[in-house]
Amino acid sequence: MKFRAVMICDYSNPISMAYSKVAMETWEPIKNVQVERWQCYTPETIIGNPLNIPWGSYSSASKYKDVRHKISTTEKACFTSMLHWWKHIAETGENIIILEHDSFVRNPDKLNAMIENWKDWDVWCPGIAAECIYMNQDFAKFLMREWYEFKNTVDAGPLAEIHTGVVRYWASKLNPRRPKANVLWPTLKMNNTLGEIVNSSTDMTNFTELLLGKLGVQNAPITQCYFPGKQTIEHHKERGKINYKDATYNQMEILESLDYE
């Protein structure tokens, strides 16, 4: 039986579909995963959507720490698309890998080996950001409680919100059944490396070392593919723009062409 992977993309956006075509081809060698496309939320379809996300007004993302950036409807649509599946996991317990349309498998042999044990993780992010995410039902339920029961606002991107959840989850006493943590996470070194915590205690020092790339460091088998100048979200003109000198850009799989109409 193949595991289910859902690739979030926009059928109405040719650039999004072009990226998803490139990305899906790289997932074909992954033996136990079946990737399917899923229509994302858009600025038009998030109006009146049933998720009722408790939005903050301005982004708390680190790149905007010195800039007052109002969260755009496009950014809200991207996050809503992710939350749709996190909520699904919380409610159903289905094991799903969630992919963005640019999720590019750079090392299929390593990913095939990792897939065998991915359901053992609490949070599993084997890429450089939010392009490939798995979370178990307990953690997904915790996120839903944070936003809907405890009324914590959503004011950052998917990876930042998961990071906040990871810290709160193991720092709290709300999870007595799982006092140990199994987390695979992109390091702050921005060099396509991952840190891992395996069966670790709730000592938050471990999470700091994880982010700094001091625990279980290994190369990431997944990255984002990008064709210069072609993106589906308008970034902040000062802090959100991808530049050739940015460390994040250097981690990506830079495409020589992108076929779209």
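What you see is a predicted model, and the numbers here were worked out from it, not measured in a lab. (Residues numbered from 1 in each chain as written. Predicted model: local features only at pLDDT ≥ 70, side-chain atom pairs only at ≥ 80, totals over all residues. Heavy atoms only, no water.)

Time to look at the pattern of salt bridges. Following the criterion strictly, the structure yields 6 salt bridges and no others. Between Glu253 and Arg106 there is a salt bridge; the shortest N-O distance is 3.1 Å. Remark: Arg106 occurs in the loop between strand S4 (103-105) and helix H3 (108-115) and Glu253 occurs in strand S11 (residues 253-254); sequence separation between them is 147 residues. Taken together, the salt bridges that share partners define one network made up of Arg4, Glu36 and Glu94. (Salt bridge = Lys/Arg side-chain N within 4 Å of Asp/Glu carboxyl O. Helix = DSSP H or I, 4+ residues; strand = E, 2+ residues; numbered from the N terminus.)

Within the secondary structure, Glu36 sits in strand S2 (residues 33-39). On a C-alpha basis, the gap between Glu36 and Arg4 in space is 7.8 Å, while along the polypeptide they are 32 residues apart. With residues up to four places along the chain from it excluded, the contact list for Glu36 reads Arg4, Ala5, Val6 and Met7. At 3.1 Å, the side chain of Glu36 forms a polar contact with the side chain of Arg4. (Contact = heavy atoms within 4.5 Å. Polar contact = N/O pair within 3.5 Å; in protein donor to acceptor, adjacent residues only side chain to side chain.)

This next bit is on the state of the cysteines. Enumeration according to the criterion identifies 0 disulfides in this entry. Sulfur of Cys9: no disulfide; nearest cysteine sulfur belongs to Cys40 and is 7.0 Å away. The closest cysteine sulfur to the non-disulfide-bonded Cys132 is located on Cys125, 7.8 Å from its own sulfur. (Disulfide = S-S within 2.5 Å.)

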